[in-house]
Amino acid sequence: MRVTLLGTGDTTGTPTVGCDCDTCRAARERGVERSRFSVHVENGRTGESLLIDFSPDFRRQFLDSDAPLPDAGIVTHVHFDHLDGLGNAYRLFDDLPVYAADETDPATGESVADTIRSKYDYLDRVSVHDVTPLEPARVCGLDVTFVPVDHPPLVCYGLAVEDPETGAKLSLSGDTSYDVPAESRRVLADPDLLLADGIVPASLCEHHPLGGTDRGPDGVPRTFGTKHMTREGALALAADLGAAETRIVHVAHFYPADEAFAEPLAVDGEVYEL
């Protein structure tokens, strides 16, 4: 299983348009980028690949990487930075199956799968396939399991992606607070690689209107407000899950410049063989 991190940033990316903060300047000087979130997974056994979330930066990501266009797609939730790149499917695919959860979201009155159908009803080459959370689905020869996480006010899912023959396992926290349900943690546990949402360091929680929540035994917030983990929360979740390797993703430009490119924060273009 070959995993390419196409996009490792939050909703504005780094460098952020129009921003001249120290971190955005450092990113430009280093020639690195954190575009909006997307992950490409290749199954070397079958020659197929899947794309996890459709970044608005879809075009640039594929032009800049060696990743082939996917044979299937997966959508974790309906925020624009994870979904709106699906419009790029126009004229690029003869047939693109997209898999999404079938659970109705009380906030929208429809499931993620239904939202994709209604928003992209003009993409007749895209077929949407409903998946029940916590039940594995075979996609591109890999077992994909959607797991509920905590990203209010919308429903959102993390993922476990496993090769049924080699046992290789990729887990993604999805956009979430540290308050990931126990059953979801069970499915995500023991990955070879964990991609964990860690939008800012815990030290910045004082700047959030809601502060920091899910404090650890040391009093350090593991959640920034209510919707995303802090770096410290992401690392705590990685320890909870027993991850062999962890990369922190969905990273904002609010990290201080001297912390923004330190391990284990990911940047675009990283590739892992599982």
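None of these values were measured; they are calculated from a predicted model.

**Some points on the packing of aromatic side chains**
Argument step 1. Evaluation of the coordinates by the stated rule reveals four aromatic pairs.
Argument step 2. Centroid distance F54 to F58: 6.4 Å. Interplanar angle 10°. Geometry classified as stacked.
Argument step 3. Taking relative accessible area as the criterion, F54 reaches 1% and is therefore assigned buried.
Argument step 4. Through pairs of rings, three or more aromatic residues link up here, namely F54, F58 and F62.

**So, the nonpolar core**
Argument step 1. If you look at the biggest cluster of nonpolar residues, it comprises 54 residues, and the most contacted ones within it are V39, L50, I52, L86, I116 and L170.
Argument step 2. If one sorts the elements of this core by residue count, strand 5 (residues 96-101) sits on top with five residues.
Argument step 3. Other than its neighbours up to four places away in sequence, V39 contacts V3, T4, L5, L50, L51, I52, L172 and L195.
Argument step 4. Membership of the second largest hydrophobic core comes to 25 residues, among which are V147, L188, L241 and V251.

**So, helix 4 (residues 112-119)**
Along an α-helix, residues three or four positions apart point the same way, because every turn accommodates 3.6 residues.
Argument step 1. Regarding helix 4, the residues found buried are V112, A113, T115 and I116. Here the buried residues of helix 4 occupy an arc of 160° about the axis, which is enough to place them on one side.
Argument step 2. Looking at the buried positions of helix 4, the neighbouring elements they touch are helix 3 (80-83), strand 5, strand 6 (126-131) and strand 9 (157-162).

Calculation rules
- Residues numbered from 1 in each chain as written.
- Predicted model: local features only at pLDDT ≥ 70, side-chain atom pairs only at ≥ 80, totals over all residues.
- Heavy atoms only, no water.
- Phe/Tyr/Trp six-rings, centres within 6.5 Å; stacked < 30°, edge-to-face > 60°.
- Buried < 20%, exposed > 50% of the residue type's maximum accessible area, 1.4 Å probe, protein only.
- Core = buried A, V, L, I, M, F, W, Y, C linked by side-chain atoms within 4.5 Å.
- Helix = DSSP H or I, 4+ residues; strand = E, 2+ residues; numbered from the N terminus.
- Contact = heavy atoms within 4.5 Å.
- Arc of directions from axis to C-beta.

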